[in-house]
Amino acid sequence: MRRERHPRSFLKKHQKELADHNPAFAQQLAESAPLEKVIWDPGLEAQCREHLDKGTLDPAYKGTNDLCGESSGMHGIGGAFEAMDVVADFHTNILDPNCKYLGIAFSKNNDTYWYSWGYRCDRVKVAFTFEGKVDTSKVDFAALNTAKNATYLSDVEKQMVLEVNFARAYPKGLRADHRSIRRQAASWSGLEHDDYIAGKELMAMLNSMGPLSILQPKQCVYEAAKMHGLDCEKRGFLDHTGSDGSAPWDRILKKCTELSYGNENLRGSGTPDPRDAVIALLIDGGISNRGHRHNMLDLNVEIYRLLPDFRQADENGDHIQLGAKFGLR
């Protein structure tokens, strides 16, 4: 796909395929303006190749371009896919003016690939203002505070459980809270293009939702999250794959044998504000399938969850990383 041509031309040519693969992408194409060409980056390609062939979890970028952030992922795991699957997989990056560089590596059988987008340093910022107020006078926060008596949780962890329950039980109330988006828009880095798009999606979704069940903490899920959090802290980066090769569900089911499935959310944030972290995961900017949002607002299952925190000093001396685990009974 060539971004410098009008996105609506691409939409017209591939209308049926897009309707089958990703209707949300089709809607975004209809509303998008042309962008500059993507630049192929051999350094990002090599990074993806190292992910794919060697299983390196956090390979260094050795290219020559100045990147100010990356967004990467994989697709396949042995399954067949079509060209439009690749496009739909990172469609949020395709339409993001800050995604300037791209590298992809395919397996020998072309049934699995890794991709990585590099962000430009001269960021295109999105303006956002909101003067409304959040009315929580009718919210029963005591009922949402299901982790109140969980002695193994810190105060921040208990607050995280409460905030996720607030989002689930009072979706329209959370819809009115634009604090974190306003702060991001006013920061030096500005509001990211896809955070703005995803934020609008989230507002529409929350406005159409009814209340969901509130969630309960479960200590064995906490232990799985803590184990992975300490692993990430030791190695110095966040990734859903553990240093031992374990997936989120492996770690949860190992600790919680009575559960049938598990998943996780990870969030690296410069602020310890629990609601900001929850809203950022619900917005889920840069993640085409909005998987973190789905985990937190699952409509069909009862989930045990909680978010332990672990702190790691960065160049500013204050960095909080939050991990969430979800378990299905």
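Refer to the structure printed above.
Residues numbered from 1 in each chain as written. Predicted model: local features only at pLDDT ≥ 70, side-chain atom pairs only at ≥ 80, totals over all residues. Heavy atoms only, no water.

A. Structural view of the overall build of the protein. Helix and strand counts for the protein come out as 15 helices and eight strands. For the protein, the residues scored as buried account for 49% of the 329 residues in total. Pairs at least 24 residues apart make up 72% of the contacts formed inside the protein by residues separated by at least 6 positions. (Helix = DSSP H or I, 4+ residues; strand = E, 2+ residues; numbered from the N terminus. Buried < 20%, exposed > 50% of the residue type's maximum accessible area, 1.4 Å probe, protein only. Contact = heavy atoms within 4.5 Å.)

B. Geometry of the side chain of Asp195. Assignment of secondary structure puts Asp195 in helix α11 (residues 193–208). Comment: no salt bridge for buried Asp195; closest opposite-charge side chain is Arg290, at 6.9 Å. Once residues lying within four places of it in the same chain are set aside, the contact partners of Asp195 are Gln184, Ile283 and Gly285. (Lys, Arg positive; Asp, Glu negative; His and termini not counted. Salt bridge = Lys/Arg side-chain N within 4 Å of Asp/Glu carboxyl O.)

C. Expanded view of the state of the cysteines. A full pass over the atoms with the stated rule returns two disulfides. The residue that forms a disulfide with Cys68 is Cys121, at a sulfur-sulfur distance of 2.0 Å. Residues Cys68 and Cys121 are joined through a disulfide that is right-handed, its torsion about the S-S bond being 95 degrees. With Cys68 in the loop between α4 (42–54) and β2 (70–75) and Cys121 in the loop between β4 (113–119) and α7 (141–144), the pair connects residues that are 53 residues apart, well separated along the chain. Exposure remark for Cys68: the relative accessible area of 32% places this residue in the partly exposed category. Disulfide partner of Cys220: Cys256, at an S-S distance of 2.0 Å. Classification of the bridge connecting Cys220 and Cys256 rests on its S-S torsion, roughly 120 degrees, and on that basis the disulfide is right-handed. Remark: Cys256 occurs in the loop between α13 (248–255) and β5 (261–269) and Cys220 occurs in helix α12 (residues 219–235); sequence separation between them is 36 residues. (Disulfide = S-S within 2.5 Å.)

D. Molecular detail of the sheet that holds strand β3 (residues 99–106). What the four strands build is an open sheet, ordered β1-β3-β4-β2; its pairing is mixed. Both edges of this open sheet fall to β1 (39–40) and β2, since each of them pairs with a single strand only. By the bridge criterion, six bridges tie β2 to β4 in an arrangement that is antiparallel. Along β4, the bridge assignment pairs Ser71 with Trp117. Along the sheet face, α4 touches β1, β2, β3 and β4 and points at about 40 degrees away from the line of β3. (Pairing = 2+ DSSP bridges. Axes fitted to C-alpha atoms, helices over the stretch in contact; angles between N-to-C directions.)

E. Molecular detail of the packing of aromatic side chains. Within the structure shown, the criterion is met by seven aromatic pairs. Judged by centre distance (5.7 Å) and plane angle (50 degrees), the ring pair of Phe141 and Phe166 falls under tilted. Placement of Phe141 in helix α7 and of Phe166 in helix α8 (residues 155–169) is noted, with a sequence separation of 25 residues between them. Phe141 sits in the partly exposed class, given a relative accessible area of 26%. Residues Tyr152 and Tyr222 carry aromatic rings whose centres are separated by 5.2 Å and whose planes lie at 50 degrees to one another, so their mutual orientation is tilted. With a gap of 70 residues between them, Tyr152 in the loop between α7 and α8 and Tyr222 in helix α12 connect regions that are remote in the sequence. Note on Tyr152: relative accessible area 22%, which makes it partly exposed. Given the relative accessible area of 8%, Tyr222 is considered buried. Within the aromatic cluster, the residues linked to one another by ring pairs are Phe90, Phe106, Tyr113, Tyr115 and Trp117. (Phe/Tyr/Trp six-rings, centres within 6.5 Å; stacked < 30°, edge-to-face > 60°.)

F. Examining the packing of α12 against α13 more closely. Contact geometry of α12 with α13 gives a least axis separation of 8 Å together with a crossing angle of 135 degrees. Taken together, the axes of α12 and α13 are oblique relative to one another. The hand of the α12/α13 crossing is right-handed. Across the interface between the two elements, Cys220, Glu223, Ala224, Met227 and His228 of α12 pack against Arg251, Ile252 and Lys255 of α13. Residues of the contact of α12 with α13, tallied by class, amount to four nonpolar, one polar and three charged. (Parallel < 35°, antiparallel > 145°, perpendicular 65-115°, else oblique. Left-handed = near helix turned anticlockwise from the far one by under 90°. Nonpolar A, V, L, I, M, F, W, Y, C, P; charged D, E, K, R; others polar.)

G. Up close: unusual backbone geometry. With a phi close to 65 degrees, Asp284 is a non-glycine residue in the positive phi region. As for its placement among the helices and strands, Asp284 is situated in the loop between α14 (274–283) and α15 (291–296). In this model, Arg290 sits at a positive phi of 50 degrees, which is unusual for a non-glycine residue. Tracing the backbone through its elements, the reader meets Arg290 in the loop between α14 and α15. Given a relative accessible area of 6%, Arg290 falls into the buried group.

Scope: geometric values only; no functional claims are made or implied.
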